[in-house]
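Working through the structure, step by step
This is what each chain is made of:
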Amino acid sequence: MLTRREILATAACSLVAARLDAQGQNKAQVALTIPNEATGAHMPIDFVGLSYEVQQLVDPSFFSAENSGLIGEFKELSSTGVLRLGGNTSEFAYWKATADSPEPEHPQVREVTGEPKAQYYAVTAQAVRNLAEFLQSTGWTCVYGVGMGTNTPARAAEEAAFVAERLGNRLQYFQIGNEPDLFDRHLRDPKSWSAKTYLEEWLTLARAITARVPVAKIGMPDVAGNVSWLTQIADWWPSVESQPHVTTLTHHYYFGGPATNPDVNIPNLLKPATMEKVQNTANIAAAAASKIGARVRMTEGNTCYRGGKPGVSDVFAAALWSADYSLLLASNNYSGVNLHGGTGKSVANSVGGSLPGDAILQASGETPEQIAAHPHPFYTPIAMFGSDYLLEPVAYGLKFAGSFSGGTLLKTEFSTKLRAAGVNAAAYAAKLAGGQTSVIILNKDAAADLEVELDFGRSMSGAVETETLHAPGLDSREAHITRSTKTDSLKQGKCSAIVPHATGLRMTVV
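Residues numbered from 1 in each chain as written. Predicted model: local features only at pLDDT ≥ 70, side-chain atom pairs only at ≥ 80, totals over all residues. Heavy atoms only, no water.

For the structure on display, the rule yields 13 salt bridges. The partner of Lys291 in a salt bridge is Asp235, and the shortest N-O contact between them spans 2.5 Å. Here Lys291 is found in helix α9 (residues 272–291), whereas its partner Asp235 is found in helix α7 (residues 228–236), with 56 residues between them in sequence. On the accessibility criterion, Asp235 (42% relative accessible area) is partly exposed. Here Arg506 ties to Glu467 by a salt bridge, and the two come within 3.1 Å at their closest N and O atoms. Of this pair, Arg506 sits in strand β22 (residues 503–509) while Glu467 sits in strand β18 (residues 463–470), and the two are 39 residues apart along the sequence. (Salt bridge = Lys/Arg side-chain N within 4 Å of Asp/Glu carboxyl O. Helix = DSSP H or I, 4+ residues; strand = E, 2+ residues; numbered from the N terminus. Buried < 20%, exposed > 50% of the residue type's maximum accessible area, 1.4 Å probe, protein only.)

Turning to the sheet that holds strand β21 (residues 494–499), a few remarks are in order. Here we have three strands laid out as an open sheet, ordered β1-β17-β21, and mixed in their pairing. Each edge of the open sheet carries a strand with a single partner, namely β1 (27–33) and β21. Ignoring which end each strand starts from, the neighbouring axes of this sheet average 15 degrees apart. Relative to β21, strand β17 (residues 449–455) runs antiparallel, the two sharing six bridges. (Pairing = 2+ DSSP bridges. Axes fitted to C-alpha atoms, helices over the stretch in contact; angles between N-to-C directions.)

Looking now at the nonpolar core. Core analysis: the biggest nonpolar cluster contains 125 residues, and Phe63, Tyr144 and Trp202 have the highest contact counts within it. Of all the elements, helix α10 (residues 316–331) adds the most residues to this core, at 12 residues. Those residues within four positions of Tyr144 in sequence are excluded, and the remaining contacts are Leu57, Leu85, Val123, Val128, Leu131, Glu159, Val163, Leu171, Tyr173, Phe174 and Gln175. With 26 residues, the next largest nonpolar core counts Val30, Leu32, Val439 and Ala497 among its residues. (Core = buried A, V, L, I, M, F, W, Y, C linked by side-chain atoms within 4.5 Å. Contact = heavy atoms within 4.5 Å.)

It is worth spelling out the side chain of Thr138 at this point. Looking at the element boundaries, Thr138 is found in helix α3 (residues 125–138). With a relative accessible area of 3%, Thr138 lands in the buried category. A polar atom in the side chain of Thr138 sits 3.1 Å from the backbone oxygen of Leu135. Sequence-distant contacts of Thr138, that is, excluding residues within four places in its chain, are made with Ile71, Phe74, Lys75 and Ser79. (Polar contact = N/O pair within 3.5 Å; in protein donor to acceptor, adjacent residues only side chain to side chain.)

On to the packing of aromatic side chains. All told, the structure shown has 18 aromatic pairs when counted by the stated rule. The structure contains a cluster of three or more aromatic residues connected by ring pairs, namely Tyr52, Phe62, Phe63, Phe74, Phe134, Trp140 and Tyr389. When the ring centre of Trp193 is taken as reference, the NZ or CZ atom of Arg188 above it lies at 5.6 Å. Over the aromatic face of Trp236 sits the side chain of Lys196, whose NZ or CZ is 4.8 Å from the ring centroid. (Phe/Tyr/Trp six-rings, centres within 6.5 Å; stacked < 30°, edge-to-face > 60°. Lys NZ or Arg CZ within 6 Å of the ring centre and 35° of its normal.)

This part takes up helix α6 (residues 195–212). Here α6 contains 18 residues, and its C-alpha end-to-end distance of 26 Å stays within 8% of the 26 Å for a straight helix at 1.5 Å per residue. By the burial criterion, the buried members of α6 are Ala195, Tyr198, Leu199, Trp202, Leu203, Leu205, Ala206, Ala208 and Ile209. As for α6, its buried residues are in contact with α4 (153–167), β7 (171–176), β8 (217–223), α7 and β9 (245–256). (Expected span 1.5 Å × (residues − 1).)

In structure tokens form, the structure reads like this:
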């Protein structure tokens, strides 16, 4: 019996030629001019990232040098990515430095829908040692989440000191607390909890960590969605005494949810208004970060919160969404994107014990075997089927966007031109680290193909290499990135291409 990986690889070989030659009856035409000067935001070499629950560390063999399958998929996604450890479960972790370290007393918390049950667990020294070896094997760095909801300054500092020593230069910064703007639901008094009380409590933990690790870099506030907290914190920051070294303002983003929400569907995921809302959030976040001299990072997010939605989160539409989303944030000077995932068990625990998407499949009549063929969680960038790890469509979109990493984005009029052409598409251009100019066009339209003429300027010459992000359709449970074996050449600085509907195309002048 073929594995899922083998089936998808076979499908890709038979599909690619037909897909590249596809020309629908509907066609839009647009001419795009690519500037010569790289005046946009720099996209860091480590822009690409993944987010996992801290509870994943309960199994020390998961993030370890022995887990060759997972290491291979991390390296396939990026050779210089950022692993973020955090999530809802991080607020119920406690540091267990040695085998005989006692479990601390835990505060009382409230159980609410969508939040973890009060099931506490230990993060051990061995798990951190293995994590350090895993990072070394992948070439990735780490944003390490230290709990705030049920933690103490002393325990936070002890854990941070050990993590800093073991991870060394693989540690990007500490993130203290996860989605504190939702603490009033289950962890704090809703009558008194606010951005101000959060900052006061956060400073207590951050200063305790800095006392043990004087060179510690820290991110904050990692809000679920209330980016106004970033503005408030930036306004208060100049009055903070003995400021910890904050390098990054952080927030989360999920398009919608939960899976039972009928508005979470492919048309809404890909419509232009979705990215307009993303741009509004980026405006607020980037302004706050600039005020305190920091960068912004989207440290946890995906298509649909509480584990994703089958038929939306695990299909090719998610690839086009993640590519567009990532490049839009990169153009707004974000330092990176961390798409959330992990094992089905860890994510289910983070949202109360079960994935709403499973209930949808059960109600639709799918058998347990059919349900098991979906990735769990449904939105995970790297799925686990038995002992086999597999990049999912949403990861292919992130990888496609990540091809610009290390480059500088070009400020263009692409959006205006594409809107005028009447097609649901997005396009970005960058001057790569090696000096090449590259353009990514994402045709998110379900029906209209896009005929595009790219004008690099009469002084530009060279061969044009192409890569295609593709699948049989928006609802296909697969994605592929295929490099063309043919090259074109610029003619008087111009070249043309057809970008079929529901396809991404990357053209690079070499």
